[in-house]
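A closer look at the structure
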Amino acid sequence: MYKNRVYLASPFFTDEQRDRIDTVVTSLRQNKTIDADGIFIPQEHQEESLEFGSFEWQDSVFASDMRQVKRADVVVAILDYKYEEKNLEPDAGTIFEIGAAWAWHIPVIMVQFHPENELNLMLVRSLTAMYTGDKIKQGLATYDFNNLPTKYTDMKIF
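In short, a report on the structure. Computed from a prediction, not measured in an experiment: that's the story for all the values here.

Let us look at helix α2 (residues 55-71). Over its 17 residues, α2 runs 24 Å from end to end, which matches the ideal 24 Å to within 8%, given 1.5 Å per residue. The set of residues buried in α2 consists of Trp57, Val61, Ser64, Asp65, Met66, Gln68 and Val69. Looking at the buried residues of α2, the elements they touch are β1 (4-9), β2 (34-40), β3 (74-78) and α3 (92-103).

A separate point is the packing of aromatic side chains. Where two aromatic rings form a pair, the distance of their centres and the angle of their planes describe that pair. This model, assessed by the stated rule, comprises five aromatic pairs. On the numbers, 5.5 Å between centres and 15° between planes, the contact of Tyr7 with Phe40 is stacked. Taken as a pair, Tyr7 in strand β1 and Phe40 in strand β2 lie far apart in primary sequence, 33 residues in all. Ring-pair connections join several aromatic residues into one group, and the members of that group are Tyr131, Tyr143 and Phe145.

Take the nonpolar core next. Membership of the largest hydrophobic core comes to 22 residues, with the highest contact counts inside it found for Val24, Leu28, Val76, Ile109, Leu140 and Phe145. When residues of this core are assigned to their parent elements, the largest contribution, four residues, is made by helix α1 (residues 15-29). If we skip the residues at most four places from it in the chain, Leu140 touches Val24, Ser27, Leu28, Asn31, Ile109, Val111, Tyr131 and Phe145. Listed in part, the 20 residues of the second largest apolar core include Met66, Val69, Ile98 and Ala100.

Opposite charge on two side chains permits them to pair, given that their charged atoms come into close proximity. Taken as a whole, this structure holds two salt bridges when the rule is applied. Here Asp73 ties to Arg5 by a salt bridge, and the two come within 3.4 Å at their closest N and O atoms. Here Asp73 is found in the loop between α2 and β3, whereas its partner Arg5 is found in strand β1, with 68 residues between them in sequence.

Any two packed helices are characterised by how steeply their axes cross, that is the angle between the axes, and by the distance between the axes. Where α2 meets α3, the axes come as close as 10 Å, and the angle between the chain directions of the two elements is 45°. By the angle class used here, α2 and α3 are oblique. Considering how the two elements wind past one another, α2 and α3 form a crossing that is right-handed. From α2, Phe62, Asp65, Met66 and Val69 reach across to α3, where they touch Phe96, Glu97, Ala100 and Ala101. Here the residues of the contact of α2 with α3 are counted per class, giving six nonpolar, no polar and two charged.

Turning to α3, a few remarks are in order. Taking 1.5 Å per residue as the helical rise, α3 with its twelve residues ought to reach 16 Å, and the 16 Å between its terminal C-alpha atoms agrees with that figure. Among the residues of α3, those classed as buried are Thr94, Glu97, Ile98, Ala100 and Ala101. Considered in projection along α3, the buried side chains sweep an arc of 165° and stay on one side of the axis. Turned more than 90 degrees off the buried face of α3, the exposed positions are Ala92 and Trp102. Residues of α3 that are buried in the fold lie against β1, α2, β3, β4 (108-112) and α4 (121-126). Two residues or fewer past α3, His105 is found with a positive phi of approximately 65°.

A negative phi angle is the norm for most residues apart from glycine, just as the trans form is the norm for most peptide bonds. For His105, which is not a glycine, the phi torsion comes out positive at approximately 65°. Here His105 shows up in the loop between α3 and β4. Residue classification places His105 among the exposed residues on the basis of a relative accessible area of 73%. Even without glycine at this site, Leu148 takes up a positive phi of about 50°.

Rules and cut-offs
- Residues numbered from 1 in each chain as written.
- Predicted model: local features only at pLDDT ≥ 70, side-chain atom pairs only at ≥ 80, totals over all residues.
- Heavy atoms only, no water.
- Helix = DSSP H or I, 4+ residues; strand = E, 2+ residues; numbered from the N terminus.
- Expected span 1.5 Å × (residues − 1).
- Buried < 20%, exposed > 50% of the residue type's maximum accessible area, 1.4 Å probe, protein only.
- Contact = heavy atoms within 4.5 Å.
- Phe/Tyr/Trp six-rings, centres within 6.5 Å; stacked < 30°, edge-to-face > 60°.
- Core = buried A, V, L, I, M, F, W, Y, C linked by side-chain atoms within 4.5 Å.
- Salt bridge = Lys/Arg side-chain N within 4 Å of Asp/Glu carboxyl O.
- Axes fitted to C-alpha atoms, helices over the stretch in contact; angles between N-to-C directions.
- Parallel < 35°, antiparallel > 145°, perpendicular 65-115°, else oblique.
- Left-handed = near helix turned anticlockwise from the far one by under 90°.
- Nonpolar A, V, L, I, M, F, W, Y, C, P; charged D, E, K, R; others polar.
- Arc of directions from axis to C-beta.

Set out below in structure tokens:
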């Protein structure tokens, strides 16, 4: 059975964001159609040898992330960003990675921990499947990444 390589698109700047990443990665690693060692987590590849924020750092991180999106069999994107600060908009970097994946014909599986949020039409139409709230863990652990069945969301669209 083929084991898919995943690019995990997600903000990773706060404890809450990192907790969401841990939940998603743990669930993905339980999935028999995922290469447990083939999950690219951008926060683990931040070019720490370069000065944070410098042009060289920006160029290296951007190139690495885009290369990894293109190499992935699937992108899993966590849409929650600054929910704890009452900001319900997804992270701009995550949205950019979703757009790149869609343009390169790479399937996108979206995750939203807070399903009461609204979701932009452009994101909804670019997804292959979506899991929200209490369906995330089981959904990601059992989803067939080899056949990629479409699973729409019932989140409110704007």
